[in-house]
Amino acid sequence: MPFQRRSTGATKPYWAVPWLAQLSERNPLTMSRWVLLWMTVGAAGGLFAALYWNVLELLTHALEVFTGPVLLFIMPLAGLLIGLVIYWLGNPGEIAVIVDNIHFQGGRLDMRRNPAMILSSLLSIASGGSAGPEAPLVQVTGSVGTWLGDRWQLQGENLRTMSLVGMASGFTALFGAPLGGAMFALEILHHQHVAEYYEAVLPAIVASCASYIVFAGITHLGLAPTWEFPQYNLDQIDDFALAILYGAIGAAAGWLLITIFRLCDQFFARLGGPIYVRTTIAGLGLGAIATLFPLTRFFGHHELSVVITTEFTATALLALACAKMAAISITVTGGWRGGFIIPIFFTGTCIGKAIALLVPGVNPVLAMICTMAGMNAAVTRTPVSTAILLAKLTGVSTLTPVLFASLIGFFLAPKVPLIASQLKTNREELAHP
């Protein structure tokens, strides 16, 4: 559909200087001024993501020196600070709020939530919560897209598209995969449809490319695979059957994570008092888990490489996976801020490697990556982008078995998703028959 803007009585676009407007009218190319808008939003998202990442790295290096039983004091203290930030600055919401706003608020994401989200998420992630920076990045970059859309006096689907463009730039900066980040921003909005807001596909990809260049240029991250998996080559047709099996195992792990998550949510829902009570208790639980299982601390960006390169027993890996699922659930339901995508990848890696140890002759790389794909697709409902992201993050060139596993994880997921706002409501069904 053609882009529309609010009428202001002016003959030229609000944002364009006269000579640029005249030039665009005589432009013989497919490229239009909208491409410049998408690139602007993407570049802004990449710049913020780079600044956020650098601050996060500094804080993490300062806090990672605390290990062992002292975490039983440090983590509750961090939880108290997180709760006080939210108590004073307001609740920034979670990924479910973002999804809900995209559906029902015309795609409008509120920038007033950003200070609380930035501060609380930096404390949560740097102190060792099992949640990654994807949720804060998406919230802030998506709201930047909304803000710029307002400045350019956009409305309707155009404004929603700008918010989605901003979200895509945030995902891309974290994962270093423009196509995967763009698709993930669109897929995560629904529990059944891969990309219902199809008009935002190209804008999201363009913005993701701009975000990737800016973020990589500043941080030098995302240029190479994030994790050094041994190379896997597809040699036999039986690997597809194994990929489907690993995807089913990943889906079962997703069911277990969702169950633990809901039990933790029920527990914290029964607690009374201000938010900082819940975040402090969550910190105590996270400190206890991290004391027993040090690799569960932090969101898994570096810890996943340790799992790949270190010798573990199958029992130790399965115990670590269960501990990580508990840590993810306590982090998110306990009021700490962050996302759970990379923590899910960490959990899937542990389970996949355990399978390879229990079944002699199994290719461990195929087992780990396909289990990661099946589990993430089951929890987040993002089958296509999960496969694309894992191809980039792991450096594995053979994508097809991973896609099989991701689709199986998606189709074997529970009917009611973990992110409840992915579900269609009657109000939305009436609006989109």
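Residues numbered from 1 in each chain as written. Predicted model: local features only at pLDDT ≥ 70, side-chain atom pairs only at ≥ 80, totals over all residues. Heavy atoms only, no water.

> Mind laying out the overall build of the protein chain, listing which residues take part and the relevant values?
When helices and strands are tallied, the protein chain shows 18 helices and 0 strands. Looking at the protein chain residue by residue over its 433 residues, the buried ones come to 55%. Across the protein chain, the fraction of contacts at a sequence separation of at least 24, relative to all contacts at a separation of at least 6, is 81%. Carbon and sulfur atoms make up 68% of the accessible area of the protein chain, which totals about 17800 Å². (Helix = DSSP H or I, 4+ residues; strand = E, 2+ residues; numbered from the N terminus. Buried < 20%, exposed > 50% of the residue type's maximum accessible area, 1.4 Å probe, protein only. Contact = heavy atoms within 4.5 Å. Areas by Shrake-Rupley, 256 points an atom, 1.4 Å probe, with all protein chains shown as cover.)

> How would you summarise the side chain of Glu303 if you had to cite specific residues and measurements?
Relative to the helices and strands, Glu303 is located in helix H12 (residues 303–309). Of the side chains with opposite charge, Lys324 comes closest to the buried, unpaired Glu303, at an N-O distance of 6.2 Å. (Lys, Arg positive; Asp, Glu negative; His and termini not counted. Salt bridge = Lys/Arg side-chain N within 4 Å of Asp/Glu carboxyl O.)

> Describe in detail the packing of helix H6 (residues 134–151) against helix H7 (residues 157–175), supporting the description with residues and values.
When two helices pack together, you describe them by how their axes are tilted relative to each other and by the distance separating the axes. Packing of H6 against H7 brings their axes to within 7 Å, and their N-to-C directions diverge by 145°. Note on packing geometry: the crossing formed by H6 with H7 is right-handed. Packed against H6, whose contacting residues are Glu134, Leu137, Val138, Thr141, Gly142, Gly145, Thr146, Gly149 and Asp150, the element H7 presents Leu159, Met162, Ser163, Gly166, Met167, Ser169, Gly170, Phe171 and Leu174 at the interface. A breakdown of the residues in the contact of H6 with H7 according to their chemical character gives 7 nonpolar, 9 polar and 2 charged. (Axes fitted to C-alpha atoms, helices over the stretch in contact; angles between N-to-C directions. Left-handed = near helix turned anticlockwise from the far one by under 90°. Nonpolar A, V, L, I, M, F, W, Y, C, P; charged D, E, K, R; others polar.)

> An account of the environment of Ala323 is requested, with residue identities and associated values reported.
Inspection of the secondary structure puts Ala323 in helix H13 (residues 314–333). Considered as a pair, Ala323 and Ile289 are 34 residues apart in the sequence and their alpha carbons are 6.8 Å apart.

> Just give me the short version of the packing of aromatic side chains, but keep the residues and values in it.
The geometry of an aromatic ring pair comes down to the distance between the two centres and the angle between the two planes. Across all of its chains, the model carries 9 aromatic pairs by this definition. Seen in terms of ring centroids, Phe267 and Phe268 are 5.1 Å apart; in terms of plane orientation they differ by 70°. Their pairing is edge-to-face. With a centroid separation of 5.3 Å and an interplanar angle of 65°, the aromatic rings of Phe410 and Phe411 are classed as edge-to-face. On the basis of relative accessibility, which here comes to 13%, the residue Phe410 falls in the buried class. Note on Phe411: relative accessible area 59%, which makes it exposed. Sitting above the plane of the Phe346 ring, Lys324 keeps its charged end 5.1 Å from the centroid. (Phe/Tyr/Trp six-rings, centres within 6.5 Å; stacked < 30°, edge-to-face > 60°. Lys NZ or Arg CZ within 6 Å of the ring centre and 35° of its normal.)

> Go over the nonpolar core with me, naming the residues and quoting the values.
In this structure, Met167, Trp227 and Phe229 are the most contacted members of the largest nonpolar core, which totals 103 residues. With residues up to four places along the chain from it excluded, the contact list for Phe229 reads Leu304, Ile308, Thr349, Val365, Met368, Ile369, Met372 and Thr394. Residues Trp38, Val144, Leu154 and Val206 belong to the second largest nonpolar core, which totals 13 residues. (Core = buried A, V, L, I, M, F, W, Y, C linked by side-chain atoms within 4.5 Å.)

> Please provide a residue-by-residue account of the packing of helix H15 (residues 364–380) against helix H16 (residues 383–394), values included.
Between H15 and H16, the shortest axis-to-axis distance is 9 Å and the interhelical angle comes to 145°. H16 is crossed by H15, and the crossing has right-handed handedness. Contacts from Ile369, Met372, Ala373, Asn376, Ala377 and Thr380 of H15 reach H16 at Pro383, Thr386, Leu390 and Thr394. When its residues are assigned to classes, the contact of H15 with H16 shows 6 nonpolar, 4 polar and no charged.

> Which residues make up the confidence of the model for the protein chain, and what values go with them?
Averaged over the protein chain, the pLDDT score is 86; the fraction of residues at 70 or greater is 87%. Predicted confidence for residues 1–16 stays below pLDDT 50, and this span has 31 contacts to residues more than four positions away or in other chains. (pLDDT = per-residue confidence, 0-100.)

> So, the environment of Leu174: which residues are in play, and what are the values?
With respect to the helices, strands and loops of the structure, Leu174 is situated in helix H7. Between the alpha carbons of Leu174 and Val138 there is a distance of 9.7 Å; along the sequence they are 36 residues apart. Ignoring sequence-local partners within four residues, the contact set of Leu174 consists of Trp53, Pro133, Glu134, Leu137 and Ile342.

> Any details on H13? Residues and values, ideally.
The terminal C-alpha atoms of H13, which comprises 20 residues, lie 29 Å apart, in line with the 28 Å expected from a rise of 1.5 Å per residue. Taking burial as the measure, the 20 residues of H13 include 14 buried ones, the bulk of the element. At the C-terminal side of H13, Gly335 shows a positive phi close to 95°. (Expected span 1.5 Å × (residues − 1).)

> Summarise a nonpolar patch on the surface; cite the residues concerned and give the values.
Residues Phe73, Leu77, Leu80 and Leu81 make up a contiguous nonpolar surface patch of about 350 Å² in total accessible area. Structurally, Leu81 can be placed in helix H3 (residues 71–89). (Patch = residues over 30% accessible without salt bridge, like charges linked within 9 Å, V, L, I, M, F, W, Y side chains within 5 Å.)

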